[in-house]
Amino acid sequence: MRQNFLEEIKLTAERRKPRRVLTIRCVAQGPGELQVSACNLAGEELAAVTVDLDRSCRSLHQELAVALGHEELRADGTEIMLSFTLPDGRLLAESSGSVAAFFGMGVEARAGLEHTDSTTTPGRDVNTAGSAD
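Model, not experiment: these values are computed from the prediction.

(A) Main features of the side chain of S83. Tracing the sequence through the fold places S83 in strand β4 (residues 81-85). Judged by its relative accessible area of 10%, S83 is buried. When sequence neighbours within four positions are dropped, the list of residues in contact with S83 reads R19, R20, V21, L22 and H61.

Here is the structure:
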């Protein structure tokens, strides 16, 4: 019982920390990899990384943070959290799967094959899946 209470306190503290939220977008680059870019609310690209589709979402989060030069602890002692979201609102941190699963890439995309589905066609922005062209 006490352990649950302590965990709830930690979660509440994490939710209350100031956050920098960036939108991530990806474009399939080649067989088995994606280029992922992080943009601010104005749409300016602040960082881009290339990752293997089999990488975990946690490792993508860490790699983007490094590319951004993000430091959680500022000189004044303030902690700033970093969150990445897709345009549809899904949070990268809430995904425990692979980068391929998070971006909706199928088995064919991991093999580097051509597709007709907009979510897996190499070179096409996978974040527009389901939208009208």
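(B) Expanded view of the environment of Q29. Note that Q29 resides in strand β1 (residues 19-30). With 21 residues separating them along the chain, Q29 and T50 place their C-alpha atoms 8.4 Å apart. If sequence neighbours within four positions are ignored, Q29 has contacts with L34, Q35 and T50.

(C) Molecular detail of the nonpolar core. Ranked by internal contacts, the top residues of the largest apolar core, which has 24 residues, are I24, L34, V36, L60, L64, F84 and F103. With residues up to four places along the chain from it excluded, the contact list for L60 reads V36, V49, V51, L92, V99 and F103.

(D) Spotlight on the pattern of salt bridges. In total, this model carries 2 salt bridges according to the counting rule given. Close ionic contact of R55 with E63 constitutes a salt bridge, the shortest N to O distance being 2.8 Å. For D88, the salt bridge is made with R90, and the minimal N-O distance between the two is 3.0 Å. Note on D88: relative accessible area 54%, which makes it exposed.

Parameters at a glance
Each chain has its residues counted from 1, running along the sequence as written. Two thresholds apply to this predicted model, a pLDDT of at least 70 for residue-level local features and 80 or more for giving and counting side-chain atom pairs, whereas whole-chain, interface and lining totals are computed over all residues. Values reported for side chains reflect all heavy atoms of the structure, with hydrogen atoms and water molecules removed beforehand. Where helices and strands are cited, they refer to DSSP runs of H or I of at least four residues and of E of at least two residues respectively, numbered from the N terminus. For every residue, the accessible area (1.4 Å probe, protein chains only) is compared with the maximum for its type, and the residue is labelled buried under 20%, exposed over 50%, or partly exposed between those bounds. Contacts are assigned to residue pairs with any non-hydrogen atoms lying within 4.5 Å of each other. Only buried residues count toward a nonpolar core. Its members are Ala, Val, Leu, Ile, Met, Phe, Trp, Tyr and Cys residues joined through side-chain atoms within 4.5 Å. The salt bridge criterion pairs a side-chain nitrogen of Lys or Arg with a carboxyl oxygen of Asp or Glu, the two atoms within 4 Å.

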